[in-house]
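Structural description and commentary
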Amino acid sequence: MEIETWTNSINQANKKALLTWAKETGTKLVQINGQRRYGGPPPGWVGDPPPAGTEVFIGKLPQDIYENILIPLFQSVGTLYEFRLMMTFSGLNRGFAYAKYSTQRAAKEAIATFNNFSLREGCAIVVCRSTEKCELSLDGLAASVSQRGLEAVLRHVTAGIISVTLHPSPGQQHTQLALLKFSSHHAAAMAKKTLMEGNMRLGEAAIRVDWLNPDLKQKLQSREKKPSPSWVQRAKHQGLPKQAPPSPVLHNALEHLNTLCRSQYLGPPLFLTKCVQANPNGWLRFWCQVVIPGCPMPFMGFMWVQHRPGRSGHEEAKVAVALQVLRMLGESLRGTRAKALEHLLGVWSSGGPNQGQIPPK
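Residues numbered from 1 in each chain as written. Predicted model: local features only at pLDDT ≥ 70, side-chain atom pairs only at ≥ 80, totals over all residues. Heavy atoms only, no water.

1. Focus on the overall build of the chain
The condition is simple: Labels follow the DSSP assignment, with helices taken as runs of H or I lasting at least four residues and strands as runs of E lasting at least two, numbered in each case from the N terminus. A simple rule labels every residue: compare its accessible area, found with a 1.4 Å probe on the protein chains alone, to the largest value its type can have, and call it buried under 20%, exposed over 50%, or partly exposed in between. Values of accessible area rely on a 1.4 Å probe in the Shrake-Rupley scheme; residue burial ignores everything except the protein chains shown.
In terms of helices and strands, the chain carries 11 helices and 17 strands. Per-residue burial over the chain gives 44% buried out of 361 residues. As displayed, the chain has an accessible area near 19600 Å², and 54% of this comes from carbon and sulfur atoms.

2. Section: helix α2 (residues 12-25)
The test is simple: Expected helix span is given by 1.5 Å per residue-to-residue step, counting one fewer step than there are residues. The arc in question is formed by the directions pointing from the helix axis toward the C-beta atoms.
For α2, with 14 residues, the first-to-last C-alpha span of 20 Å sits near the 20 Å given by 1.5 Å per residue. Taken as a whole, α2 has its buried residues at Lys 15, Leu 18, Trp 21 and Ala 22. In a view along the axis of α2, the buried residues occupy a sector of 125 degrees, so they form one face of it. Opposite the buried face of α2, by more than 90 degrees, sit the exposed residues Gln 12, Ala 13, Lys 16, Lys 23 and Glu 24.

3. Some thoughts on the sheet that holds strand β2 (residues 35-39)
Selection criterion: Strand pairing is assigned whenever DSSP identifies at least 2 bridges connecting the two strands. An axis is simply a line fitted to the C-alpha atoms; with a helix, the fit covers only the stretch in contact. Between two such axes, the angle follows the N-to-C directions and lies from 0 to 180 degrees. Throughout, a contact is declared for two residues whenever any of their heavy atoms are within 4.5 Å.
Reading across the sheet, the 6 strands line up as β1-β2-β4-β5-β3-β8 and stay open at both edges, with antiparallel pairing between neighbours. The open sheet is flanked by β1 (29-32) and β8 (126-129), the only strands paired with a single partner. Taking the axes of each pair of neighbouring strands and ignoring which way they run, one obtains an average angle of 20 degrees across the sheet. Contacts between helix α3 (residues 67-75) and the sheet are confined to β1, β2, β3 (55-59), β4 (80-87), β5 (93-101) and β8, with β4 contributing the most and set at about 150 degrees to the helix.

4. So, unusual backbone geometry
Look at the link from Gly 40 to Pro 41: it is a cis peptide, with omega at 5 degrees. Within the secondary structure layout, Pro 41 lies in the loop between β2 and β3. Positive phi values are uncommon outside glycine, yet Lys 60 reaches one of about 60 degrees. Note that Lys 60 resides in the loop between β3 and α3.

5. Considerations on the sheet that holds strand β9 (residues 135-142)
An order of β10-β11-β9-β14 is seen for the 4 strands of this open sheet, with the pairing classed as antiparallel. Two strands in the sheet have a free side with no partner beyond their single neighbour: β10 (161-168) and β14 (208-211). The average angle at which neighbouring strand axes cross in this sheet is 20 degrees, direction not considered. Relative to strand β11 (residues 175-182), β9 is paired through 7 bridges, and the arrangement is antiparallel. Residue pairing for β11: Ala 142 is matched across the bridge by Thr 175. Sheet strands in contact with helix α5 (residues 147-157) are β9, β10 and β11, and its direction is about 140 degrees off that of β10.

Rendered as structure tokens:
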């Protein structure tokens, strides 16, 4: 309640002016994932979205200014297809926005008209062509990860993905790098945010997510005609044994879950974790999602873990939710081992991660 009161008290006059303008003009603004969006498409739009080269980047905005000022201003030089203002938790803008026009000509006119334009005294804004990147790279994938399996996993947690291609990683031996192509810059940006904030993990390795570097893309394309390294060929053709029983000593629930998925040909599990609450007594609440390619639906919910110095809360959450997934799949860590693992992790739960839980005092 104190946080809500504080955020609501910031910039009240301009927030009220925005609400009044939106109501009077019938403008619909949708806020999601740290940005507020108009259009995409706007009311009355017919046909396909505008082509590449129609979006401009707007920077150095005063943080207390909103769409009631910006949209009419940028609409004055051409029809807006979409306008996205990046927002902070407190309700201020983050100092930049994106405007997509119906034509490339309108975008060029916006740059010519509004670059170095003073919204108020001493506040000249920057307007330039948006790069509209639509491709991401995922580095650090295990050699056993297949293109089909990875694509199936990613479609559970991202939207607008067009293609997935795998290449030997240029930076790490015995790993792969995936190139992901999306239908738009917005879809790629949302996927990047989801995968990075979710602390993505596929199998046993953590994965690095970044915009695709043009030099790296060219380097990979030049290698396409060359034969893959022998370790990649072996990984593709050897396959997995029909029986892959768990090792006698399982270090944790992650290892157990990975072993189970391998033995049942389900594909490596993908973990997404996001800390949503931290209590003064050291307990952290995580939103967790586990996507297993061979399972029709992802496992998701909330999990409490106790933070311990020198240990990652994300890693503890992954192990804790893996234990819950194993239980849901009917697996067992054999009584005392499960209890010992829970005690080691500091996990408190009451029936599974999908239930609202309260940390112990």
